[in-house]
Amino acid sequence: MNLKQIAAEHAAAFVEDGMKVGLGTGSTAYYAICRIGERVREGLNIQAVATSEASDKLAREWGIPIIPFDQIGRLDLTIDGADEVDPDFNLIKGGGGALLREKIVAANSDKLIIVADGSKAVQKLGKFPLPVEVVPFASEWTFQALENMGCQPEWRMDGQKQYLTDNGNLIADCHLGAIADASELNVQLNMLPGVVDNGLFVKMADVVIIAKEDGSIDELHRP
Ligand SMILES: O=C[C@H](O)[C@H](O)[C@H](O)COP(=O)(O)O
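On a predicted model such as this, the values are computed, not experimentally measured, just so you know.

Student: Can you walk me through the site of the ligand in this structure?
Tutor: Taken together, 18 residues form the shell around the ligand, and within it G26, T28, G81, G95 and G96 come nearest. Within the shell around the ligand, the residues separate by chemical class into 4 nonpolar, 10 polar and 4 charged.

Printed below as a string of structure tokens:
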């Protein structure tokens, strides 16, 4: 079993009968969806929402009942991955482009459980380029505004074309280096007209599950 799978399967055990569950996106959340799917096939009764078209498809393949977001109500928990996790439970997410739906689903969850291998645990966020989701209208103007803020943005590409999120928006990956104040940066970015959201999840994670090189697991709970 690889480390992502170890962390994800540990988290899947948090899901109980009757729960409403948010399903994350990415190569770590993948294993959580598969494990939850196995449990559904064994008789676990849950309702779920997915944070991306890819996770929606995977969940349906496993037979996990997917409910439209606006019909499911408050979620008991969401299991998702992250690109970076700091000691204060702040995250960078969106390496897979799903940050907006992930943040909405996380905000609608009683508990956000983050699963990751040890490489994602950092002292300071920012080595991983911070994804910023930008509406296509006036996108070069927004890009310039990000540059003026010193964010060193770079459009995410999909071959020769600009990458498009599930919401039809663009992603500017911002090469920030160590982020001094994630909370302040989160607000500053989201105040820019044209920015839909960014990949900083400030104190949204409740539990962080890290699988380490030796196969052991750190299960950290936000105080
Ligand atoms: O947009 C994608 C998500 O935020 C992912 O959860 C994040 O990028 C981590 O992905 P992975 O588990 O593949 O490293």
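Student: Would you mind going over the sheet that holds strand β2 (residues 47-50) with me for this structure?
Tutor: Note on sheets: strands pair through backbone hydrogen bonds, and any given pair is parallel or antiparallel. Taken in spatial order, the 6 strands make up an open sheet running β2-β1-β3-β6-β14-β15, and their pairing is mixed. Of all strands in the sheet, those with a lone pairing partner are β2 and β15 (217-221), marking the two edges. Here the strands of the sheet are splayed against their neighbours by 20° on average, with no regard to which way each runs. As judged from the 4 bridges shared by strand β1 (residues 20-23) and β2, these two strands associate in the parallel manner. Looking across to β2, one finds that K20 is bridged to Q47. Sitting on the sheet, helix α1 (residues 3-12) touches β3 (75-80), β6 (109-117), β14 (207-211) and β15, and the angle it makes with β6 is about 160°.

Student: Please clarify how helix α5 (residues 99-107) should be interpreted in this entry.
Tutor: Residues lying three or four places apart along an α-helix face the same way, a consequence of the helix completing one turn every 3.6 residues. For α5, a buried count of 7 out of 9 residues is recorded, marking the element as mostly surrounded by other parts of the structure. Burial in α5 covers these residues: L99, L100, R101, E102, K103, V105 and A106.

Student: I keep staring at the packing of helix α2 (residues 29-41) against helix α3 (residues 53-62) and nothing clicks. Help me out?
Tutor: Packed helices, taken two at a time, are described by their axes: the angle between them and the distance between them. Contact geometry for α2 and α3: axes closest at 9 Å, N-to-C directions at 25°. On the basis of the axis angle, α2 is roughly parallel to α3. Handedness of the α2/α3 crossing: right-handed. Along its contact with α2, which presents A29, Y30, I33, C34, G37 and V40, the element α3 presents S55, L58, A59 and W62. Counted by class, the contact of α2 with α3 contains 8 nonpolar, 2 polar and no charged residues.

Student: Looking at this structure, I do not really get the UniProt feature "active site" (unreviewed entry) in the protein chain. What am I missing?
Tutor: This chain's UniProt record puts "active site" (unreviewed entry) on E102. Within the fold, E102 resides in helix α5. Residues contacting E102, with those up to four places away along its chain left out, are G24, T25, T51, D80 and K93.

Student: How do you make sense of the sheet that holds strand β7 (residues 130-134) when you look at a structure like this?
Tutor: Judged by pairing direction, the sheet is antiparallel, and its 4 strands sit side by side in the order β8-β11-β7-β12 without closing on themselves. The open sheet has two free edges, formed respectively by β8 (153-155) and β12 (195-198), since each of these has just one partner strand. Across this sheet, the average inter-strand angle for adjacent strands is 30°, counted without regard to direction. Across 3 bridges, β8 lies against strand β11 (residues 170-174) in antiparallel orientation. Counted as the bridge partner of E154 is D173 from β11. Docked against the sheet, helix α6 (residues 139-148) engages β7, β8, β11 and β12, running at close to 15° with respect to β11. The strands touched by helix α7 (residues 182-191) within the sheet are β7 and β12, with β12 carrying the most contacts at an inclination of about 160°.

Definitions and limits used
- Residues numbered from 1 in each chain as written.
- Predicted model: local features only at pLDDT ≥ 70, side-chain atom pairs only at ≥ 80, totals over all residues.
- Near = placed C-beta within 6 Å.
- Nonpolar A, V, L, I, M, F, W, Y, C, P; charged D, E, K, R; others polar.
- Pairing = 2+ DSSP bridges.
- Helix = DSSP H or I, 4+ residues; strand = E, 2+ residues; numbered from the N terminus.
- Axes fitted to C-alpha atoms, helices over the stretch in contact; angles between N-to-C directions.
- Contact = placed C-beta atoms within 7 Å.
- Buried ≥ 20, exposed ≤ 12 C-beta atoms within 10 Å, placed from the backbone.
- Parallel < 35°, antiparallel > 145°, perpendicular 65-115°, else oblique.
- Left-handed = near helix turned anticlockwise from the far one by under 90°.
- UniProt positions renumbered as here; feature names shortened; annotations may be inferred.

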